[in-house]
Amino acid sequence: MAKKAESALASGALLSELRGLIESARHHVAQTANATLTMLYWHVGQRIRREVLKQGRAGYGEEILATLSQQLTKDYGKGFNLSALTRMAKFAEAFPDEAIVAALSQQLSWSHFIEILPLKQPMEREYYAELCRVERWSVRTLRERIGSQLYLRTAIARQPEAVVKAEIGHLRDGGQMTPDLVFRDPYMLDFLGLPQDYSERDLEDAILREMERFLLELGVGFTFVARQKRISVGADDFYLDLLFYHRHLKRLVAVELKLEKFQPAHKGQMELYLRWLDQHDRAAGEEAPIGLILCASKDAEQVQLMDMDASNIRVSEYLAHIPDMKVLQAQLHRAVELARERATRGVLPNEQKGVSE
């Protein structure tokens, strides 16, 4: 019996090892095939742009393209019909750097690029492509991120274009994520299903109940650490609402929930928490803790005057109930424009407000 048991165990271990080898090989073949196919589409698009669409005669180019598509469809199937060839040309135009496309194709499938191509702004396309690569988003996740206006909700979108380009380039070259790429404003918390008259405890309880979805909204890299973290200073005890750790930023993230509009006093409270965490909970090799104040609304000029970045504090609104997405998109675009004007001119805006106002 003992020999049979040993034989069964050995057989099970061998089977597990062989399965691992097969699955690994299948994954490698699929990844290689995807990268090859994506690069093929890029090269086809590049040739079409160079030889057909750049002749200066739009009607003539379209006529040639239609003829090419008919022949290629006959030879290789509908994957090379007119609409497909047109998309390949747009792909080569949107991503002109072959080296960048080659790197992205190791993680992104052609279906990923199809989701990104309709985006009009180059920096927005590059942002989604790089974040998709780094965080290994599925096509469905990418579609959801684009639909929720993630780029416009990140702090990086509010920076001048040169800064955005530098941040994305740094990430592409293997650099670490920065807070501007991680933190968002506003955060979409409609999935919590809160009633209209919810309390701060209701909000906190709902977040804990839906922690998995809350972490998805926060973004990849967040790990939950504690709720109502006790901060003892002298004879007094204070309680931090939520504490997380971000593995890419390599730092603790303190989160305070506020039902009301952001108040200057909130900054002092968070500074106290961050200093305590820096002294008592920060591990060797970690960056200084960073704070996130989630509030119902905020005055952007007031937040700017308080120089929150210097204190490692971010202030973001949260939306418990999502408005019409077109309205939200227009508000986000306006907020981004005003923030970029402020950053470019180096002056404060006269009337920039939070996106929910």
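A short tour of the structure in this document, coming up. These numbers were taken from a predicted model, which means no experiment stands behind them.

Parameters and conventions
Residues numbered from 1 in each chain as written. Predicted model: local features only at pLDDT ≥ 70, side-chain atom pairs only at ≥ 80, totals over all residues. Heavy atoms only, no water. Helix = DSSP H or I, 4+ residues; strand = E, 2+ residues; numbered from the N terminus. Polar contact = N/O pair within 3.5 Å; in protein donor to acceptor, adjacent residues only side chain to side chain. 1 Å grid on protein atoms, 1.4 Å probe; cavity = no way out; pocket = protein on both sides within 12 Å on 5 of 7 lines; lining within 4 Å. Points joined across faces, edges and corners; volume = space filled by probe spheres on them. Nonpolar A, V, L, I, M, F, W, Y, C, P; charged D, E, K, R; others polar. Buried < 20%, exposed > 50% of the residue type's maximum accessible area, 1.4 Å probe, protein only. Expected span 1.5 Å × (residues − 1). Phe/Tyr/Trp six-rings, centres within 6.5 Å; stacked < 30°, edge-to-face > 60°. Lys NZ or Arg CZ within 6 Å of the ring centre and 35° of its normal.

With that out of the way, let us pick up the side chain of Ser148. Its place among the elements puts Ser148 in the loop between helix H7 (139–147) and helix H8 (150–153). Separated by 3.1 Å, the side chain of Ser148 and the backbone oxygen of Arg145 make a polar contact.

For the structure on display, the rule yields one cavity of 30 Å³ or more. The calculated volume of the largest cavity comes to roughly 60 Å³. As for the largest cavity, its lining consists of 14 residues, and the residues nearest its centre are Glu135, Met177, Leu181, Val182 and Arg184. Every element with two or more residues in the lining of the largest cavity is listed here: helix H6 (122–135) and helix H10 (179–182). Class assignment for the residues of the lining of the largest cavity results in ten nonpolar, two polar and two charged.

Looking at the secondary structure, you find Pro118 in the loop between helix H5 (110–116) and H6. With a relative accessible area of 59%, Pro118 lands in the exposed category. C-alpha of Pro118 to C-alpha of Phe91: the two residues are 27 residues apart in sequence and 9.8 Å apart in space.

Over its 14 residues, H6 runs 20 Å from end to end, which matches the ideal 20 Å to within 8%, given 1.5 Å per residue. When you tally the buried positions in H6, you get ten out of 14 residues, the bulk of the element. Looking only at H6, the buried set comprises Met123, Glu124, Arg125, Tyr127, Tyr128, Ala129, Glu130, Leu131, Cys132 and Glu135. Of the residues trailing H6, Arg136 is marked for its positive phi of about 55°.

For the structure shown, the criterion picks out 13 aromatic pairs. With a centroid separation of 5.5 Å and an interplanar angle of 80°, the aromatic rings of Phe95 and Phe113 are classed as edge-to-face. One end of the pair, Phe95, is in the loop between helix H3 (82–94) and helix H4 (98–104); the other, Phe113, is in helix H5, and 18 residues separate them in sequence. Residue classification places Phe95 among the buried positions, given a relative accessible area of 5%. By relative accessible area, Phe113 is classed as buried at 0%. Following the ring pairs from residue to residue traces out a cluster consisting of Tyr41, Tyr76, Phe80, Phe91, Phe95, Trp110 and Phe113. Lying over the aromatic face of Trp137, Arg145 brings its terminal NZ or CZ to 5.4 Å of the ring centre.

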